[in-house]
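# Residue-level structure breakdown
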Amino acid sequence: SAGATETAADVPSYTYQKLNEGPSVVYVSHPEGPSDFSVQKGEWGAELETLQEQVRAAETPVLTAPTPGTPCLAFSIENEDKYRAEVVGVAEGGVTVRFVDYGNQETVPAANVFAIPDSLLTPPVLAIPCSLSGTLSPAAHLSFVDLVLSEAEVTVTPISWSETGRLVCTCK
C-alpha cells in the first residue's frame, strides 16, 4: 500500500481546538494520567449533546481495513453508545479506538467500528488532549490519578502545542 507516501492532506482528519493563552478553567474528561488527559470547556455541553444525537442517527457501513489514525464512528461496549473516534491500533482481539470528544480509549470488535460521514468529520473535536509539563515521579503519577477525577474542574495554562495531527497541549 502507498500509505507512507500520502501527504497528510489526503487523509481525512479531525480539527482540534486550542485553549486561549493564559489560565483556562476547564473540566477533566477521562484522566488516564498526568501525561495523558483530556479537558473540555463547560460551554461545550450543548454542542456535545447535539453532536451525540447526530452520531447516533448516522447509519454508515462498518469500516473496512481500519488503520491507525483513521477517523471513524465506534460503538463503545463500556458506555453502550456510539461516538466519534480515531483508530489507535488494530490487533486480533479488536480495534483500539480513542473517542476524540472525550479522550478515553477502548478496544472494541471490528464490527463496532464504522465509516464516518463528512458531516461528522467537520465539527471540531470537543476535547483537548493535554499533558503536564516536566517528568513526573511515579508518586506524582499516583497523586494525579487519585486527585484528578473525571469531570473535576481544573485550571490549566498552555505552555506549548504539538505541531502535527492531534494537537496536544503541554500545560501546567
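The structure under discussion appears in the preceding block.
The following refers to the structure shown.

Rules used in this analysis
Residues numbered from 1 in each chain as written. Predicted model: local features only at pLDDT ≥ 70, side-chain atom pairs only at ≥ 80, totals over all residues. Heavy atoms only, no water. Pairing = 2+ DSSP bridges. Helix = DSSP H or I, 4+ residues; strand = E, 2+ residues; numbered from the N terminus. Contact = heavy atoms within 4.5 Å. Axes fitted to C-alpha atoms, helices over the stretch in contact; angles between N-to-C directions. Core = buried A, V, L, I, M, F, W, Y, C linked by side-chain atoms within 4.5 Å. Buried < 20%, exposed > 50% of the residue type's maximum accessible area, 1.4 Å probe, protein only. Salt bridge = Lys/Arg side-chain N within 4 Å of Asp/Glu carboxyl O.

## Topic: the sheet that holds strand β3 (residues 71–76)
Strand order across the open sheet formed by five strands is β6-β5-β4-β3-β7, with antiparallel pairing between neighbours. Every other strand in the sheet has two partners, leaving β6 (105–108) and β7 (113–114) as the edge strands with one partner each. Two strands pair when backbone bridges link them, and β3 and β7 are joined in this way by two bridges, in the antiparallel orientation. Residue pairing across strands places Ala74 opposite Val113, the latter belonging to β7. Packing against the sheet, helix α1 (residues 45–57) makes contact with β3 and β4 (81–91), and its axis sits at approximately 70° to β4.

## Digging into the nonpolar core
Generally speaking, a soluble globular protein has its nonpolar side chains buried in company with each other. Of all hydrophobic cores here, the largest spans 38 residues; its most connected members are Tyr14, Cys72, Leu73, Val97, Val113, Leu120 and Ile128. Residues contacting Val113, with those up to four places away along its chain left out, are Val62, Leu63, Cys72, Leu73, Ala74, Val95, Val97 and Val108.

## Considerations on the pattern of salt bridges
In total, this model carries three salt bridges according to the counting rule given. Of the charged contacts, one joins Arg56 and Asp81 as a salt bridge, the two residues approaching to 2.7 Å between their closest N and O atoms. In this pair, Arg56 sits in helix α1 while Asp81 sits in strand β4, placing the two residues 25 residues apart along the sequence. Put simply, Arg98 and Glu86 hold a salt bridge, and the shortest N to O gap is 3.9 Å. Of this pair, Arg98 sits in strand β5 (residues 94–98) while Glu86 sits in strand β4; the two residues are twelve residues apart in sequence, bridging distant segments of the chain. Accessibility assignment for this pair places Arg98 and Glu86 in one class, buried.

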